[in-house]
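# Inside the fold
This is what each chain is made of:
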Amino acid sequence: MASQQTNQGPASPAVLSPRALNRATLARQLLLRRTAMSAKDAVGHLVGLQAQNTKPPYYQLAARLDGFDPEELSGLMASREVARIVTLRSTIHTHTSDDCLTLRPLVQGARDRELGLFRKGLPGVDLERLARTARAFVEESPRTPKEIRELLLKEWPEAEPLALGVAARCLLPLVQVTPRGLWGQSGQVALTTAEQWFGRAAEPVPAPDATVLRYLAAFGPASVKDMQTWCRLTRLREAFERLRPRLVTFQDVRGVELFDLPDAPRPDEDTPAPPRFLPEFDNLLLSHADRTRVVPAEYKERTWKGNQSHRTFLVDGFLAGIWRLEESDRESTATLTAQPFGPLGREQRAALVAEGEYVLATMTRATTRDVRFGTVSA
């Protein structure tokens, strides 16, 4: 009697629950436990720190690095090992010098699309000439955005000033020079090219494959759409397909295919996750199309007021509230006020207070520090 064979197709990818995705992402983001990694290595591992405001990069590293001193990142900026530049999602990020010279060309397509939105405000403007004119101007000496617009208006008086400024920003890799962004210092925005600031030429536009791998190392497991949300590039499916033999795949609970590095950490979903205070615009909350791995659906609209983002905190790995920090140098006091979105248990509140005290001790010089619960935003 012939043996009976069962024709079975390939096994379906394992399904990762939101908690499993949460713990995997927190591990990649250095948020399950603080690491002894250097600030420069962390900036590279995280593929940049969102820096729309000047202080968030420091708070991002304080939440992730053991023994972090803000002066370490500030020193890297002063020595031109990292810098502030518009890259991902058309927003300013703090990147290593290498990423300023490679990642910025990679995302040029997104800058081109942004420029297209302002093309009507640029009647008669030769964009190649504009780029040459602006480059020569800012490489002669760092210039403010106002100075750049005024120069370009002399050349194209019929153009809209805002559109001219956007064109310069989109066409050129403009770095914000120090002292802007240094810890404890202030300075207006002044710009020069990445090539001028770092003293070396930009790299040729790379294939996206290496950046796909870096994105997964910092934000995976993730879908193609997740990465496209992170960087605003399109048509990345081809890169993921080229890399498929080197990757493993999963599904989320909605059936979306997720890619990951074979050896990347994927902790058990019951792994404890300590509370963390994050700054406004932390990339953890902005780098996936589906943010439910960190942001509960009922809280997704509660971290913004107008176009401004609140500082947020995590409890058990998920968004749980917002916070603010008030300092008085004259009285040497600092107060951190946390507003939970829902009830917290006694142990959770105690752990959150301890983490708040750590933040105040690390990020302020205050001798009198207070962590309290209260209203941050109605």
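Shown above is the structure to which this text applies.
Note that the structure is a prediction, hence the values are computed from the model and not measured. (Residues numbered from 1 in each chain as written. Predicted model: local features only at pLDDT ≥ 70, side-chain atom pairs only at ≥ 80, totals over all residues. Heavy atoms only, no water.)

The next thing to look at is the side chain of Ser 97. For Ser 97, the position within the fold is in helix 5 (residues 97-106). Residue Ser 97 is classed as buried on the basis of its relative accessible area of 10%. At a separation of 3.0 Å, a polar atom in the side chain of Ser 97 contacts the side chain of Arg 200. What Ser 97 contacts, discounting residues up to four positions off in sequence, is Arg 80, Glu 81, Val 82, Phe 198 and Arg 200. (Helix = DSSP H or I, 4+ residues; strand = E, 2+ residues; numbered from the N terminus. Buried < 20%, exposed > 50% of the residue type's maximum accessible area, 1.4 Å probe, protein only. Polar contact = N/O pair within 3.5 Å; in protein donor to acceptor, adjacent residues only side chain to side chain. Contact = heavy atoms within 4.5 Å.)

All right, on to the sheet that holds strand 14 (residues 368-373) then. Strand order in the open sheet made by the five strands is 8-11-12-13-14, with mixed pairing throughout. Among the strands making up the open sheet, the edge pair consists of strand 8 (276-278) and strand 14. Neighbour-to-neighbour, the strand axes of the sheet open up by a mean angle of 25 degrees, direction not taken into account. Bridge count between strand 13 (residues 333-340) and strand 14: six bridges; the pairing is parallel. Paired with Thr 337 across the two strands is Arg 372, which belongs to strand 14. On the sheet, helix 14 (residues 346-363) packs against strand 8, strand 11 (311-315), strand 12 (318-328), strand 13 and strand 14 and is oriented at approximately 145 degrees with respect to strand 14. (Pairing = 2+ DSSP bridges. Axes fitted to C-alpha atoms, helices over the stretch in contact; angles between N-to-C directions.)

On to the sheet that holds strand 5 (residues 191-193), then. The five strands lie next to each other as 1-3-2-4-5, forming an open sheet whose pairing is antiparallel. The open sheet is flanked by strand 1 (49-50) and strand 5, the only strands paired with a single partner. Examined bridge by bridge, strand 4 (residues 174-176) and strand 5 share three bridges and lie antiparallel to one another. In the strand pairing of strand 5, Leu 174 is matched with Thr 193. Its contacts with the sheet put helix 7 (residues 127-140) on strand 4 and strand 5, and the angle it makes with strand 5 is roughly 110 degrees.

A few words on the nonpolar core. Most often, soluble globular proteins keep nonpolar side chains buried together rather than apart. Residues Leu 61, Phe 68, Leu 73, Phe 277, Phe 313 and Leu 336 are the most contacted members of the largest nonpolar core, which totals 34 residues. One finds Phe 219, Leu 233, Phe 240 and Leu 243 within the second-largest nonpolar core, a separate group that totals 25 residues. (Core = buried A, V, L, I, M, F, W, Y, C linked by side-chain atoms within 4.5 Å.)

All right, on to the pairing of strand 7 (residues 257-260) then. Every other side chain in a regular strand lies on the same face of the sheet, so the side chains alternate between the two faces. Strand direction decides the pairing type here: strand 6 (residues 248-251) and strand 7, joined by four bridges, are antiparallel. Of the residues in strand 7, the one forming a bridge with Gln 251 is Glu 257. Counting the residues between successive antiparallel strands, the hairpin from strand 6 to strand 7 contains five residues, one of them, Gly 255, with a positive phi of roughly 90 degrees.

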